[in-house]
Amino acid sequence: MDPQRVRMILLGLGFLLAWAGLGYRLFHVQVVQAADFADQSLDQRLTSVQTPPDRGTIFDRNGDPLAITIEAQSIIADPRLVENGVFTAQQVAAVSGGNWERMLGEIEKGGSFRYLIRQLEPAQAQAVLDLGLPGVSALAEPKRVFPHGPIAAHVVGMVNIDGIGIEGLEAYYDDALSGTGGEVIFEKPLKSAGPDAPIAIPQAEIMTIPAIPGDDLVSTIDLSLQNAAYEACGDTVERTAAEACWIVALGVETGEVLAMVGFPGFDPHKRVGLDGQPFDNFAIRGMYEPGSTQKLITFAAGLDTGVFGTATVVGGVADRIEITPGACESDTDDINGCYGDFSPHETRDMTVQEIFTISSNVGTIRAQQMLGEGVLVDYMERFGQAGKTGVDFTGETPGVIRTDPGCSSCLASLSIGYGVGASPLQMAAAFAAIGNDGVWTEPSLVRSILDVDGHETELVASTRRAVSEDTAWAIRQMLLNVVVEGTGQAAAVPGYTVGGKTGTSDKLDENGQYIDQTMASFVGMAPIGDPKVVVAVVVDNPAWEYRTGGTAAAPAFSVVMEAALHSLGVAPDVDSR
């Protein structure tokens, strides 16, 4: 055959095979793998934007908002488009009030997206945009707002800059409040502005997964009472030159915290205390030796076990008692076990009622010595002093009871409120058990949770019996006598029968030694026949002339208790004319 003809045939066959291969490949791509390649192409074009949910609102018990979310504007920059970093940072800072050096640092980090300042008011953000700075724009962003500032801050807590709860109810119920984020999925050109500023293909399909708003909380707090308690705490600190004041108001039958405040206060927007100290809630996380308010449990133990009654006479009560030999003769505090009454008095017989009314330490220790082994500690545990109350709040401090083996003076100390560590809330809950006919109730800060569909879930507190009804009634009569003629007369409320107990305890220094500073307290309830509210007031290191619970804390108790009774609509039970 002609070689040239052979070459032409072979070349033709080659082209035929090539076209056959190309055809097969086209068939494979366009038919066999068409769906796979279409999916890959769509994946390359698809992008999504996360949409944050609205954070749930926290209300007081009457529907007044304690924490809400509003829309704010954050100023952002695309460093690639910023022409002069220093000028841009200084101009934004001058209008927004931010730190220009920090803003410059963000710009110099590069990339395509940097926050310059977050969560401005819309008008302020617009003023920044009006500057017309290249590479600077605004981004809508939710902002948490606390309408009542420091007044409710110790309960509500705070969120971080990203809206995540980090303290208080905001932290404890963060999962419920946060909700579930949404998503917008759409197609964008492959050469669009990038993921930071996606541009949708016109008429392309957009899929939206809506965000689910967070649940709302209905707290137990009564805002009007919260205000009254905050003012009373502030007035107390000013009047007594104290370091701090804490007040807890507790619903007797429900365990609901009607008010919980601390002074100096705390600004949840700035995330720092008004006195420059870090945030903390001493009412729940703090621990102090309650002093004579602890005597309520000591005498409740004796009455409930039938060891003594209110009219039982304790013979020869002196103004000093020595539990550990040599303790009262020592010139130092190296030997524990010498106890004395607040004021000197002649040795005399006293009834249990009188011992409680004048708050005799010696008489209380004598009464405790009548109890059987382990009885006092058992009743302290019944009243919740060995652990946590279970309140719905982060970081609660458990109670501490010192019962060291071989400690001869520990029971004597426990009976008068030393060697026991408690929080103001724990003491309020213990007194509330007496007001609730002997039934201890778990304290709570939230009444119910409302979901996005309007369904309400009510929270139920646990209860347990601490003492009998008869014992609770007898203790209430003793508490009444303290206010009528004892150490708590400044706690009286016009028109109501009030009962309570003063407490004064020396503070410890960093070496565990007692110093000439006190924790002064008063815890009480009203009306005494059918108590509705317990109020606990703790004053940290008042001036020496106000060092006792009767002078430092009882006046504030009177103010807050009167406000609480009026707020709850409790009718007066005595003629105050």
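Right, let's walk through the structure included here. (Residues numbered from 1 in each chain as written. Predicted model: local features only at pLDDT ≥ 70, side-chain atom pairs only at ≥ 80, totals over all residues. Heavy atoms only, no water.)

**Here we look at the overall build of the chain**
Rule in force here: Each helix is a run of DSSP H or I of at least 4 residues and each strand a run of E of at least 2, with the numbering of both proceeding from the N terminus. Classification of residues uses two cut-offs on accessible area relative to the type maximum, computed with a 1.4 Å probe and protein chains only: under 20% is buried, over 50% is exposed, and between them is partly exposed. Contacts are assigned to residue pairs with any non-hydrogen atoms lying within 4.5 Å of each other. Accessibility throughout is a Shrake-Rupley quantity obtained with a 1.4 Å probe, and a residue counts as covered only by protein chains that appear here.
The helix and strand inventory of the chain stands at 19 helices and 27 strands. Within the chain, the proportion of its 577 residues that are buried is 48%. Once local pairs closer than 6 in sequence are excluded, the contacts in the chain between residues at least 24 apart make up 72%. Entry remark: accessible area of the chain is about 26600 Å², with carbon and sulfur atoms responsible for 53%.

**Thoughts on the packing of aromatic side chains**
Each aromatic ring pair is described using two quantities: the centre-to-centre distance and the angle formed by the ring planes. The condition that has to hold: Note on aromatic contacts: the rings of Phe and Tyr and the six-membered ring of Trp form a pair at centre separations within 6.5 Å, being stacked when their planes are under 30 degrees apart, edge-to-face when over 60 apart, and tilted otherwise.
In total, this model carries nine aromatic pairs according to the counting rule given. Taking 5.0 Å as the distance between ring centres and 65° as the angle between the ring planes, the aromatic pair formed by Tyr 172 and Tyr 173 counts as edge-to-face. Using a relative accessible area of 11% as the deciding quantity, one classes Tyr 173 as buried. Both rings, one in Tyr 230 and one in Phe 263, keep their centres 5.5 Å apart while their planes meet at 65°; by these two values the pair is edge-to-face. Of this pair, Tyr 230 sits in helix H9 (residues 223-240) while Phe 263 is found in strand E12 (residues 257-263), placing the two residues 33 residues apart along the sequence.

**Some thoughts on the pattern of salt bridges**
Pairing of side chains with opposite charge becomes possible as their charged atoms draw close. Applied cut-off: By salt bridge we mean one thing: a side-chain nitrogen of Lys or Arg within 4 Å of a carboxyl oxygen of Asp or Glu.
Following the criterion strictly, the structure yields 19 salt bridges and no others. Glu 256 is the salt-bridge partner of Arg 61, the closest N and O atoms lying 3.0 Å from each other. Linking Arg 61 in the loop between strand E2 (58-59) and strand E3 (65-77) with Glu 256 in the loop between strand E11 (244-251) and E12, this pair joins segments that are 195 residues apart in sequence. Arg 61 gets classed as buried once you look at its relative accessible area, which sits at 19%. Between Asp 280 and Arg 285 there is a salt bridge whose closest N-O contact spans 3.5 Å. Classification of Arg 285 by relative accessible area gives buried; the value is 18%.

**Observations concerning the sheet that holds strand E25 (residues 499-508)**
For the record, the criterion: Any two strands between which DSSP finds at least two bridges are classified as paired. Simply put, an axis is a line fit to the C-alpha atoms, just over the touching stretch for a helix, and the angle between two N-to-C directions goes from 0 to 180 degrees.
In space, the five strands of this open sheet follow the order E12-E11-E27-E26-E25, with antiparallel pairing throughout. The sheet is open, and its two borders are formed by E12 and E25, each paired with just one other strand. Averaged over all adjacent pairs, the angle separating strand axes in this sheet is 10°, with direction ignored. Relative to strand E27 (residues 533-540), E11 runs antiparallel, the two being bridged by eight bridges.

**Here we look at helix H11 (residues 295-304)**
With nine of its ten residues buried, H11 lies for the most part within the structure. Along H11, the residues classified as buried are Lys 295, Leu 296, Ile 297, Thr 298, Phe 299, Ala 300, Ala 301, Gly 302 and Leu 303. Positive phi appears at Gly 306, one or two residues downstream of H11, with a value of about 75°.

**Here's the deal with the packing of helix H16 (residues 424-435) against helix H17 (residues 469-485)**
To characterise two packed helices, one gives the angle between the axes of the helices and the distance between these axes. What counts is decided by this rule: Angular relationships are summarised with four words: roughly parallel below 35 degrees, roughly antiparallel beyond 145, roughly perpendicular across 65 to 115, and oblique for the angles in between. Just so you know the grouping, Ala, Val, Leu, Ile, Met, Phe, Trp, Tyr, Cys and Pro go in nonpolar, Asp, Glu, Lys and Arg go in charged, and all remaining residues, Gly too, go in polar.
For the pair H16 and H17, interaxial distance at closest approach is 8 Å and the crossing angle is 115°. As summarised for this structure, H16 and H17 are arranged roughly perpendicular, according to the angle between their axes. Residue-level contacts link Phe 431, Ile 434 and Gly 435 of H16 to Ala 472, Ile 475, Arg 476 and Leu 479 of H17. Residue composition of the contact of H16 with H17, grouped by class: five nonpolar, one polar and one charged.

**Considering the packing of helix H3 (residues 85-96) against helix H4 (residues 100-108)**
Note the following rule: Put simply, a crossing is left-handed when the front helix is turned counterclockwise from the back one by less than a right angle, and right-handed when it is turned clockwise.
Following both chains from N to C, one finds H3 and H4 inclined at 135°, their axes separated by 8 Å at the closest point. With respect to each other, H3 and H4 are oriented oblique. Between H3 and H4 lies a crossing whose hand is right-handed. Residues Gly 85, Val 86, Thr 88, Ala 89, Gln 90, Val 92, Ala 93 and Ser 96 of H3 lie in contact with H4, whose contacting residues are Trp 100, Met 103, Leu 104 and Ile 107. Grouping the amino acids of the contact of H3 with H4 by side-chain chemistry returns eight nonpolar, four polar and no charged.

**A few points about the nonpolar core**
Note the cut-off: The set of buried Ala, Val, Leu, Ile, Met, Phe, Trp, Tyr and Cys residues whose side-chain atoms join them within 4.5 Å is what this entry labels a nonpolar core.
The biggest cluster of nonpolar side chains holds 86 residues, and the ones touching the most others in it are Phe 299, Phe 383, Leu 445, Ile 475 and Val 534. Tallying contributions element by element places H16 first for this core, with nine residues. Ignoring anything within four residues of it in the chain, the contact list for Leu 445 reads Val 155, Leu 169, Ser 219, Thr 220, Ile 221, Val 257, Ile 284, Val 391, Asp 392 and Phe 393. Membership of the second largest hydrophobic core comes to 36 residues, among which are Ala 242, Ala 491, Ala 554 and Val 560.

**Details of the state of the cysteines**
Selection criterion: Cysteine sulfur atoms that pair up within 2.5 Å are treated as a disulfide.
Under the defined criterion, the tally for this structure stands at three disulfides. Linked covalently through their sulfurs, Cys 233 and Cys 245 form a disulfide whose S-S length is 2.3 Å. When the S-S torsion is -80°, as for the bridge of Cys 233 with Cys 245, the disulfide is left-handed. In this pair, Cys 233 is assigned in helix H9 and Cys 245 in strand E11, connecting sequence segments twelve residues apart.

**A word on helix H19 (residues 554-567)**
At 3.6 residues per turn, the α-helix brings residues three or four places apart onto the same side. Filter applied, for reference: Here a helix's expected span is defined as the number of its residues, less one, multiplied by 1.5 Å.
For H19, with 14 residues, the first-to-last C-alpha span of 20 Å sits near the 20 Å given by 1.5 Å per residue. Within H19, the full set of buried residues consists of Ala 554, Ala 556, Phe 557, Ser 558, Val 560, Met 561, Ala 564 and Leu 565. For H19, the secondary structure elements touched by its buried residues are H9, E11, strand E26 (514-526), E27 and helix H18 (549-552). Backbone geometry just after H19 places Gly 569 at a positive phi near 70°.

**Focus: the environment of Ser 137**
Relative to the elements of secondary structure, Ser 137 occurs in strand E5 (residues 136-145). It is 8.3 Å that separates the C-alpha atoms of Ser 137 and Asp 78, two residues lying 59 residues apart in sequence.

**Description of unusual backbone geometry**
A cis amide bond, omega 10°, links Phe 263 with the succeeding residue Pro 264. The topology assignment puts Pro 264 in the loop between E12 and strand E13 (266-267). Note that the residue after Ala 526, namely Pro 527, is joined by a cis bond; omega there is -15°. Residue placement: Pro 527 occurs in the loop between E26 and E27. Unlike most non-glycine residues, Asp 437 shows phi in positive territory, near 60°. The topology assignment puts Asp 437 in the loop between H16 and strand E21 (439-441).

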